[in-house]
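Descriptive structure summary
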Amino acid sequence: MIKKDLSKQDRKDWKEFLDNISSVPNKDGLDDQKNNEPRRFKFDFHGYSIENANKKISEIINSCHTKGISEILIVTGKGIHSKSSKNVYISEEFSKLKNTIPEFIKNNSDLNLKIHEIKQADQDSGGSGALLIKLRKISVS
């Protein structure tokens, strides 16, 4: 390993970086929460097909429930770019992830047992283009 002295500019840049670490995005998907706030996981489903989104939401719910995470924010988009309105054989309502994901969860008894509530996210979290899934706590028997 070669040791190299840092320039004054490098030292200054590192100090600024370390002083403002909160500006670095969290790659784990967990939002930093205060101790009294619920732990939240966030995932963006833009670009997912319905089939792949259903598989992924199942993985996310199971993983978050096991880890004790209480809320999942899923960004689905509003479906305004969906081409389903041009195809008479496709349901316009159920070709959009914001509608199909809650329906998939409701019809999956294993996932449904882990869910307390699914609702549209508040405006600051994505509004009509996002869903907030509140998970039940793990029951210890």
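Quick caveat, the model's predicted, so the values are computed rather than measured.

For the rest of this paragraph, the subject is the side chain of Ser58. You can see Ser58 is positioned in helix H2 (residues 50–67). In this structure, Ser58 is in contact with Phe104 and Leu111, ignoring residues within four places of it in sequence.

This part covers the pattern of salt bridges. Per the counting criterion, the structure on display carries seven salt bridges. For Lys12, the salt bridge identified is with Glu16, shortest N-O distance 3.9 Å. Of this pair, Lys12 and Glu16 both sit in helix H1 (residues 8–19), four residues apart, roughly one helical turn. Looking at Glu16, the relative accessible area reads 40%, which means it is partly exposed. Lys106 is the salt-bridge partner of Glu103, the closest N and O atoms lying 3.7 Å from each other. Of this pair, Glu103 and Lys106 both sit in helix H3 (residues 97–106), three residues apart, which is roughly one turn of that helix.

Compared with an ideal rise of 1.5 Å per residue, which puts 18 residues at 26 Å, H2 spans 25 Å between its outermost C-alpha atoms and is within 8% of the ideal. Taken together, the buried positions of H2 are Ala53, Asn54, Ile57, Ser58, Ile60, Ile61, Cys64 and His65. Buried positions along H2 lie against strand S1 (40–44), strand S2 (71–75), H3, helix H4 (109–112), strand S3 (115–120) and strand S4 (130–135). After H2 finishes, the residue Gly68 shows a positive phi value of roughly 80°.

Taking strand neighbours across the sheet as the criterion, the four strands line up as S1-S2-S4-S3 in an open arrangement whose pairing is mixed. Strands at the two margins of the open sheet, each flanked by one partner only, are S1 and S3. Along the sheet, successive strands turn relative to each other by an average axial angle of 15°, direction set aside. One ladder, built from five bridges, connects S1 with S2; its direction is parallel. Its bridge partner being in S2, Phe43 is matched across the sheet by Ile74.

As a further point, take the side chain of His65. Within the fold, His65 resides in helix H2. Looking at His65, its side chain comes within polar contact range of the main-chain oxygen of Arg136, at 3.3 Å.

Another aspect to go through is the nonpolar core. Core analysis: the largest hydrophobic core is formed by 19 residues, its most contacted members being Phe45 and Ile72. Among the elements of the structure, S1, H2, S2, H3 and S4 are those that each provide at least two residues to this core. The element best represented in this core is H2, accounting for five residues. Excluding its chain neighbours within four sequence positions, the residues that come into contact with Ile72 are Phe41, Ile60, Ile61, Cys64, Leu131, Leu132, Ile133 and Leu135.

This part covers a nonpolar patch on the surface. On the surface, a cluster of nonpolar side chains totalling about 420 Å² of accessible area is made up of Leu6, Trp14, Phe17 and Leu18. Assignment of secondary structure puts Leu6 in the segment before H1.

What follows covers the confidence of the model for the protein chain. Counting all residues, the mean pLDDT for the protein chain is 78, and 70% of those residues have values of 70 or more. Low confidence marks residues 87–91, where pLDDT is under 50. Its contacts with residues over four positions away, or in another chain, come to three contacts.

Attention shifts here to the packing of aromatic side chains. Each pair of aromatic rings is reported with the distance of its centres and the angle of its planes. Scanning the model with the defined rule gives three aromatic pairs in all. Seen from their ring centres, Phe43 and Phe45 are 4.9 Å apart, and the 65° between their planes marks the pair as edge-to-face. The pair Phe43 / Phe45 is uniform in exposure class, with both members buried. An angle of 70° between the planes, with centres 5.2 Å apart, marks the rings of Phe45 and Tyr48 as edge-to-face. On the basis of relative accessibility, which here comes to 0%, the residue Phe45 falls in the buried class. Among the aromatic residues, those joined into a cluster by ring pairs are Phe43, Phe45 and Tyr48.

Conventions we followed
Residues numbered from 1 in each chain as written. Predicted model: local features only at pLDDT ≥ 70, side-chain atom pairs only at ≥ 80, totals over all residues. Heavy atoms only, no water. Helix = DSSP H or I, 4+ residues; strand = E, 2+ residues; numbered from the N terminus. Contact = heavy atoms within 4.5 Å. Salt bridge = Lys/Arg side-chain N within 4 Å of Asp/Glu carboxyl O. Buried < 20%, exposed > 50% of the residue type's maximum accessible area, 1.4 Å probe, protein only. Expected span 1.5 Å × (residues − 1). Pairing = 2+ DSSP bridges. Axes fitted to C-alpha atoms, helices over the stretch in contact; angles between N-to-C directions. Polar contact = N/O pair within 3.5 Å; in protein donor to acceptor, adjacent residues only side chain to side chain. Core = buried A, V, L, I, M, F, W, Y, C linked by side-chain atoms within 4.5 Å. Patch = residues over 30% accessible without salt bridge, like charges linked within 9 Å, V, L, I, M, F, W, Y side chains within 5 Å. Areas by Shrake-Rupley, 256 points an atom, 1.4 Å probe, with all protein chains shown as cover. pLDDT = per-residue confidence, 0-100. Phe/Tyr/Trp six-rings, centres within 6.5 Å; stacked < 30°, edge-to-face > 60°.

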